[in-house]
Amino acid sequence: MKLNIVKHKFIYLAISAILLLPGIIAMIYSMFTYDTHTPVKVGIDYTGGTTLQYGIKEEITNNKLTEVRSNLEEAGIEKPILQIINVNSKDTTDLKAILSIRTKFIDEESADLDKTTNVMNSVFQQPELVQVTSVGPTLGKELFKNSMIALSLALLGIVAYLTFRFQFDYALAAILGLVHDTIFVVGVFSILGLFYGVQIDALFVTALLTVIGFSVHDTIVTFDRVRENLKYYSKKMTFGEIMNASVNQTLTRSINTSVTTLITLAALYFFGGVTTKDFVLAMILGIAIGTYSSIFFCSSLIEIWEDKKI
């Protein structure tokens, strides 16, 4: 069965609107709700925070890691992020690993520091606080600004390349596709932040940049096929027929590429570490919506614009 993009183009655009609307509402609501006035709930990377590193003289099992996280949350430590750092066996120290705990900004005299140490003492034998590193709110805001600059520069670079490679209306359609994908992913995380307290960090921006690259790559393949077909069939077929043929010719490749990537990401999500779950989830959402936008959203926009020219 072949897809008919031309016939159902407004249906595909309506589906996109339905997918984006809840996230947009959540982002607007979040900007008025959070103290940071951001569309998503940001983590300590952007608001400032503290990393505590404890030296452990025994093996850190998954059960103990879960116990530490649960006890920290019960003690009032908000959204602790745990990471195990292996110790070089050649060192003379008897430490087997270092457990890194990231949480909101605390100073050395804060009660939260004592709470964290008490939790570690209850789970492990003689844990040793080896390092305390804090990121102030000012540095966090600077990192957030730099992240937004990185996203903006990436989008501008893509616009410039696509304009040179194709023509401006194709570049504009691709950019709207990227905005479409970005709004969807950010919107979902905005909803998750409101209902489940999910926070974003620097890894989230990395995931967005990766999704942007993946999505525009898929779109370029489709547009390139449209351009090739226009050279040979522009006098025999209408633009709508050429668009349908081009999408169907690249459809199998797009789906196969996306499915194999999603299978790998699903394995990472279900069997990987807790600290990377949100990063992998952003990738899964981005690649899924990116595949949809490349096939249906961007192609529909091009067909509508070309139809208006006639």
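Structure first, text after, so check above.
Residues numbered from 1 in each chain as written. Predicted model: local features only at pLDDT ≥ 70, side-chain atom pairs only at ≥ 80, totals over all residues. Heavy atoms only, no water.

1. Quick look at the pairing of strand β1 (residues 49–56)
- Most of β1 sits out of view: eight of its eight residues are buried.
- Neither face of β1 is open: one carries Gly 49, Thr 51, Gln 53 and Gly 55, the other Thr 50, Leu 52, Tyr 54 and Ile 56, and all of them are buried.
- Relative to strand β4 (residues 128–135), β1 runs antiparallel, the two being bridged by seven bridges. Looking at the pairing, Gln 53 lines up with Gln 131 of β4. (Buried < 20%, exposed > 50% of the residue type's maximum accessible area, 1.4 Å probe, protein only. Helix = DSSP H or I, 4+ residues; strand = E, 2+ residues; numbered from the N terminus. Pairing = 2+ DSSP bridges.)

2. Structural notes on the pattern of salt bridges
- Within this structure, the stated rule accounts for six salt bridges.
- As a salt-bridge pair, Asp 218 and Arg 253 come within 3.1 Å of each other at their nearest N and O atoms. Of the two residues, Asp 218 is situated in helix α7 (residues 202–233) and Arg 253 in helix α8 (residues 239–271); the sequence distance between them amounts to 35 residues.
- Residue class for Asp 218 comes out buried when judged on its relative accessible area of 2%.
- The exposure class of Arg 253 is partly exposed, given its relative accessible area of 29%.
- Between Asp 224 and Arg 227 there is a salt bridge, with the nearest N and O atoms lying 2.7 Å from each other. With Asp 224 and Arg 227 both in helix α7 and three residues apart, the pair spans about one turn of that helix.
- Using a relative accessible area of 17% as the deciding quantity, one classes Asp 224 as buried. (Salt bridge = Lys/Arg side-chain N within 4 Å of Asp/Glu carboxyl O.)

3. Remarks on the environment of Lys 277
- Relative to the helices and strands, Lys 277 resides in helix α9 (residues 277–309).
- Other than its neighbours up to four places away in sequence, Lys 277 contacts Tyr 269 and Phe 270.
- Polar contacts involving the side chain of Lys 277 include one to the main-chain carbonyl oxygen of Tyr 269, which spans 2.3 Å. (Contact = heavy atoms within 4.5 Å. Polar contact = N/O pair within 3.5 Å; in protein donor to acceptor, adjacent residues only side chain to side chain.)

4. Comments concerning the packing of aromatic side chains
- Counting across every chain of the model gives five aromatic pairs.
- Note on Tyr 12 and Phe 296: the rings are 4.5 Å apart at their centroids and 50° apart in plane angle, and the pair reads as tilted. Of this pair, Tyr 12 sits in helix α1 (residues 9–33) while Phe 296 sits in helix α9, placing them 284 residues apart in sequence.
- You can call Tyr 12 buried: its relative accessible area is 11%.
- Taking the relative accessible area as the measure of exposure, Phe 296 reaches 16% and is therefore buried.
- Ring geometry for Tyr 170 versus Phe 223: centroids 5.2 Å apart, planes at 85°, classification edge-to-face. Residue Tyr 170 is located in helix α6 (residues 168–196), and its partner Phe 223 is located in helix α7; the two are separated by 53 residues in the primary sequence. (Phe/Tyr/Trp six-rings, centres within 6.5 Å; stacked < 30°, edge-to-face > 60°.)

5. As for the nonpolar core
- Leu 162, Val 185, Phe 189, Phe 204 and Phe 223 are the most contacted members of the largest nonpolar core, which totals 53 residues.
- Counting only elements with at least two residues in this core, the list comes to α1, α5 (137–165), α6, α7, α8 and α9.
- In terms of residues, this core owes the most to one element, α9, which gives 14 residues.
- Sequence-distant contacts of Phe 223, defined by excluding residues within four places in its chain, comprise Phe 166, Tyr 170, Ala 173, Ala 174, Cys 298 and Ile 302.
- Leu 52, Leu 99, Ile 106 and Val 123 belong to the second largest nonpolar core, which has 18 residues in total. (Core = buried A, V, L, I, M, F, W, Y, C linked by side-chain atoms within 4.5 Å.)

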